[in-house]
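Observations on the model geometry
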Amino acid sequence: MIKSAYEVKQIRRATTVVDTDYREIGKLIREGMPEIEVDGLLASLARRQGHMGTMRMRGWNQEMPTAHVLVGETGTGLSCCETPVNGIGITPAMPQGAGFGRVVRNQPIYIDHGVAINGYHSDQTRTLVMGKLDATLARAHACSRDILKHLESVIRPGITAESLFETARQMAAESGLADHFMGHGEGQVRFLGHGIGLEIDELPVMAPRFNLPLEENMVFALEPKFIFPGLGTVGIEDDYRVTADGVERLTLTEQEILYI
């Protein structure tokens, strides 16, 4: 769980690639474009910069694509995976990620994008929109940003992984968004984030009963997300390193809705 200076350097390289991809993809998306085409463009952008083409997972027999690109309601379905947002993909043989949904004006374009550089991962989510986002979704996105900003101010060595989840859950509840936080209905999951490194889903896990105190140079992703059936999914995911007296955000893209 504790990364060396070399490992942190590799993760920084990966966050730079992801940031470039988000900056470029907004210039390429067009109205009516299928999710799978956006997915392919992201993969191309990442590969040009050294993404090794796959991402390794800890769970047995689990795999995932480079990005989950989900427009509007396609991002709200339930999943057999322990994840708040999954997509349905293009075949039951790989029932996740981008499908045949198309970019529509005023609907959220949810992109959860990861890359691996020299074996080390970065994992980042941003919400894009062509036009104007629904007011409910915009309010939920603001809550995601507020959760991250607050956690950035309190994380330091000694704080427990469990407490980060509980703080985020409470903030979502106080905003009237508890029923949509990290999923909905039976698809609601009980975690906020996960370690990253040689695998994209390492320890620590920000979840109930994971009361491990954080230590300097632990690296993890935090991903407060909100899912609204019939409307879409919004959220932010960023990567962090625990420092001697606080936390450093490693991912670089602004924590705002990305308008295209």
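In short, a report on the structure. What you see is a predicted model, and the numbers here were worked out from it, not measured in a lab.

**Considering the pairing of strand β6 (residues 219-222)**
Of the two faces of β6, both are covered, the one formed by V219 and A221 as well as the one formed by F220 and L222. As defined by bridge partners, strand β4 (residues 193-195) adjoins β6 across three bridges and the pair is classed as antiparallel. Bridged to H194 within β6 is A221.

**Quick word on the sheet that holds strand β5 (residues 202-206)**
The strand order across the open sheet built from five strands is β5-β4-β6-β9-β10, with neighbouring strands paired in antiparallel fashion. A single partner strand is all that each edge strand has here, and the edge strands are β5 and β10 (247-249). The average angle at which neighbouring strand axes cross in this sheet is 30 degrees, direction not considered. Pairing of β6 with strand β9 (residues 238-242) involves four bridges; the strand directions are antiparallel. Within β9, the residue paired with L222 across the bridge is D238. Sitting on the sheet, helix α1 (residues 5-28) is in contact with β6, β9 and β10, with an inclination near 160 degrees to β9.

**Details of the packing of helix α3 (residues 135-154) against helix α4 (residues 161-174)**
Contact geometry of α3 with α4 gives a least axis separation of 10 Å together with a crossing angle of 145 degrees. Here the hand of the crossing between α3 and α4 comes out right-handed. On α4, the residues that touch C143, D146, I147, H150 and L151 of α3 are L164, T167, A168, M171 and A172. In terms of residue class, the contact of α3 with α4 is made up of seven nonpolar, two polar and one charged.

**A closer look at the sheet that holds strand β2 (residues 108-117)**
The strand order across the open sheet built from four strands is β1-β2-β3-β11, with neighbouring strands paired in mixed fashion. The strands lining the two open edges of the sheet, one partner per strand, are β1 (67-71) and β11 (258-259). Where β1 and β2 come together, five bridges link them in antiparallel fashion. Its bridge partner lying in β2, V69 is registered against I111. Lying on the sheet, helix α2 (residues 35-48) is in contact with β1 and β2; it crosses β1 at an angle near 150 degrees.

**Focus on unusual backbone geometry**
A negative phi holds for most residues other than glycine; trans holds for most peptide bonds. Along the chain, L203 connects to P204 via a cis peptide bond; the corresponding omega equals 5 degrees. At N106, a residue that is not glycine, the phi angle is positive and equals roughly 70 degrees. Counting through the fold element by element, N106 comes out in the loop between β1 and β2. A positive phi angle, close to 55 degrees, is found at N118, a residue other than glycine. Structurally, the position occupied by N118 is in the loop between β2 and β3 (120-129).

The rules we used
In every chain, residue numbers begin from 1 and rise along the written sequence. A pLDDT threshold of at least 70 governs which residues receive local features in this predicted model, and a stricter bar of 80 or more applies before side-chain atom pairs are shown or counted, although totals over entire chains, interfaces and linings include all residues. Only heavy atoms go into the side-chain values, all of them from the structure, while hydrogens and water stay out. Classification of residues uses two cut-offs on accessible area relative to the type maximum, computed with a 1.4 Å probe and protein chains only: under 20% is buried, over 50% is exposed, and between them is partly exposed. In this text, helices come from DSSP runs of H or I with a minimum length of four residues, and strands from runs of E with a minimum of two, each type numbered from the N-terminal end. By this definition, two strands are paired if DSSP reports at least two bridges between them. Axis definition: a line fitted to C-alpha atoms, over the contacting stretch in the case of helices. Angles run 0 to 180 degrees between N-to-C directions. Whether two residues are in contact is decided by their heavy atoms: any pair within 4.5 Å suffices. Working rule for handedness: look at the near helix, and if it is turned counterclockwise from the far one by less than a right angle, call the crossing left-handed; if clockwise, right-handed. Side-chain classes follow a simple rule in which Ala, Val, Leu, Ile, Met, Phe, Trp, Tyr, Cys and Pro form the nonpolar group, Asp, Glu, Lys and Arg form the charged group, and the remainder, Gly included, forms the polar group.

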